Amino acid sequence: VIGFKNDCSEAVIGYWIRASATNRGFVTEACQLLCDFLFKEIGLKKIAAETLPENAKSQRVLEKVGFKETREQRLISFPGFPTERIVNRYALSFDE
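Predicted model, so just to flag it, every value in this text is computed and none were measured.

> Can you help me understand the state of the cysteines in this one?
In protein structure, a disulfide is the covalent linkage between the sulfur atoms of two cysteines. Applying the stated criterion across every chain yields a total of zero disulfides. Free of any disulfide, C31 has its nearest neighbouring cysteine sulfur in C35, separated by 4.3 Å. A relative accessible area of 4% places C31 in the buried class. A residue is classified by how much of its surface remains accessible, and C35, at 1% relative accessible area, is buried.

> Help me out: how do you make sense of the nonpolar core in this one?
I13, C31, C35, I47 and F67 are the most contacted members of the largest nonpolar core, which totals 16 residues. Only β2 (10-13), α1 (26-42), β3 (46-51), α2 (56-65) and β5 (85-93) provide two or more residues apiece to this core. Element by element, the count of residues in this core is highest for α1, at five residues. Contact partners of I47, with chain neighbours within four places excluded, come to A11, I13, C35, L38, F39, F67, Y90, A91 and L92.

Basis of the calculations
Residues numbered from 1 in each chain as written. Predicted model: local features only at pLDDT ≥ 70, side-chain atom pairs only at ≥ 80, totals over all residues. Heavy atoms only, no water. Disulfide = S-S within 2.5 Å. Buried < 20%, exposed > 50% of the residue type's maximum accessible area, 1.4 Å probe, protein only. Core = buried A, V, L, I, M, F, W, Y, C linked by side-chain atoms within 4.5 Å. Helix = DSSP H or I, 4+ residues; strand = E, 2+ residues; numbered from the N terminus. Contact = heavy atoms within 4.5 Å.

Printed below as a string of structure tokens:
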């Protein structure tokens, strides 16, 4: 999933994978390819992602690709959850 800011200066990416397909590197590889494309072909300067604080696997994917935790948190709604959840924000800049 990719979302763009109105001025297209930043993208926010997200991903989900079936539990039976985890720990095979699929998400890390796809995330790396997507970030390379967004930087080199689209010309973005910054990409962001958000993860639940307890989702260590997702955080590890982002860290492997080069994302850094920004220490920002916000409340968002997730499909299937009855209440808003806190997420941690990560960012990756083209110059990193």
